[in-house]
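Structural features, examined
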Amino acid sequence: MKFLKTKTLFLLLFLPMLCVNAQGELKSVEGYSPNIGRMVYMLEDLKDRITEQVKDLDQSQTDFQYDAQANSIGALIMHLVSTESYYQVATLEGREWTAAELESVGVAGELNANVNSMLKGEPIAHYLDLWEEVRQKTLAAFKTKDDAWFASNIEEGLNYHYIWYHVMEHSANHMGQIGTIKNRLPE
């Protein structure tokens, strides 16, 4: 009986969310090996959900910090751009950032007061366009890899799948921060 109540409660709480977002099934995206395709699905799902949260922000909302230590939404999106670019170049291309890449996307590798002060005055579309540009490179590079590569070790105990899991989980973490900041935006 208790199991049935738990199952019913679960369905009542989560079914509306699943129906509204048309989620609930992890799929492998066509054109990729199965495991990479599932990672692509998750990365794209998170990017779409974050984009949906922020795409209509005005400039003051994009730059808003609720206190001196907080990050702005613009800085957080740029941080996601920077993180994905770093791992894309390191794992998919096997190289370090060029000086131009470091200057254009590396600035937000770390989030701190200095970075937050530098990342002001750009519309949200600027950050989303950069993210889309980086993502397209990631997707194209993933098409050249297979699941054997994905499971292979970079070093003992660390494989490419885990690295990209980290990129995905990083996005999910910052999606929560973005939601918190949006909840604190001035009326």
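Residues numbered from 1 in each chain as written. Predicted model: local features only at pLDDT ≥ 70, side-chain atom pairs only at ≥ 80, totals over all residues. Heavy atoms only, no water.

Under an unreviewed UniProt entry, the name given to the chain is DinB family protein, and the source organism is Maribacter flavus.

1. Remarks on the packing of aromatic side chains
Quick note on the threshold: Aromatic contacts are taken between Phe, Tyr and Trp rings whose centres are within 6.5 Å, Trp giving its six-membered ring; a plane angle under 30 degrees counts as stacked, one over 60 as edge-to-face, and the others as tilted. In this description a helix means any DSSP run of H or I spanning at least four residues, a strand means any run of E spanning at least two, and both kinds are numbered starting from the N terminus. Buried, partly exposed and exposed residues are distinguished by accessible area as a fraction of the type maximum, computed with a 1.4 Å probe on protein chains only: under 20%, between the cut-offs, and over 50%, respectively.
Taken as a whole, this structure holds seven aromatic pairs when the rule is applied. Ring plane angle 75° and centroid distance 5.6 Å describe the contact between Tyr86 and Trp97, whose orientation is recorded as edge-to-face. Taken as a pair, Tyr86 in helix α4 (residues 73-92) and Trp97 in the loop between α4 and α5 (99-104) lie far apart in primary sequence, eleven residues in all. Owing to a relative accessible area of 37%, Tyr86 belongs among the partly exposed residues under this scheme. Relative to Tyr160, the ring of Trp149 has its centre 4.3 Å away and its plane inclined at 20°; by these criteria the two rings are stacked. Pair noted here: Trp149 is in helix α8 (residues 147-151) and Tyr160 is in helix α9 (residues 160-183), with a separation of eleven residues, a long-range link.

2. A short note on the nonpolar core
As a reminder, the rule being used: Throughout this description, the term nonpolar core refers to a set of buried Ala, Val, Leu, Ile, Met, Phe, Trp, Tyr and Cys residues connected via side-chain atoms within 4.5 Å. Contacts are residue-level and defined by heavy atoms, with any inter-residue pair within 4.5 Å sufficient.
Ranked by internal contacts, the top residues of the largest apolar core, which has 43 residues, are Val54, Ile73, Ile77, Met78, Phe142, Phe150 and Trp164. Apart from the residues lying within four places of it in its own chain, the contact partners of Ile73 are Val54, Leu57, Gln61, Thr62, Phe64, Ile124, Ile178, Ile181 and Lys182.

3. Some points on the packing of α4 against helix α7 (residues 124-142)
Threshold: Angles shown run from 0 to 180 degrees and are taken between the N-to-C directions of axes, each axis being a line fitted to C-alpha atoms and, for helices, limited to the stretch in contact. Here the angle decides the label: under 35 degrees means roughly parallel, over 145 means roughly antiparallel, 65 to 115 means roughly perpendicular, and every other value means oblique. Less than a right angle of anticlockwise turn of the near helix away from the far helix marks a crossing as left-handed, whereas a clockwise turn marks it as right-handed. Note that Gly is not counted as nonpolar here; it falls among the polar residues with everything else outside the nonpolar set of Ala, Val, Leu, Ile, Met, Phe, Trp, Tyr, Cys and Pro and the charged set of Asp, Glu, Lys and Arg.
The interhelical angle for the contact between α4 and α7, taken along N-to-C directions, is 20°, at an axis separation of 9 Å. On the basis of the axis angle, α4 is roughly parallel to α7. The element α4 and its partner α7 pack so that their crossing is left-handed. Touching Ile73, Gly74, Ile77, Met78, Leu80, Val81, Glu84, Ser85, Gln88 and Leu92 of α4 are Ile124, Tyr127, Leu128, Leu130, Trp131, Val134, Arg135, Lys137, Thr138, Ala141 and Phe142, all from α7. Counted by class, the contact of α4 with α7 contains 14 nonpolar, four polar and three charged residues.

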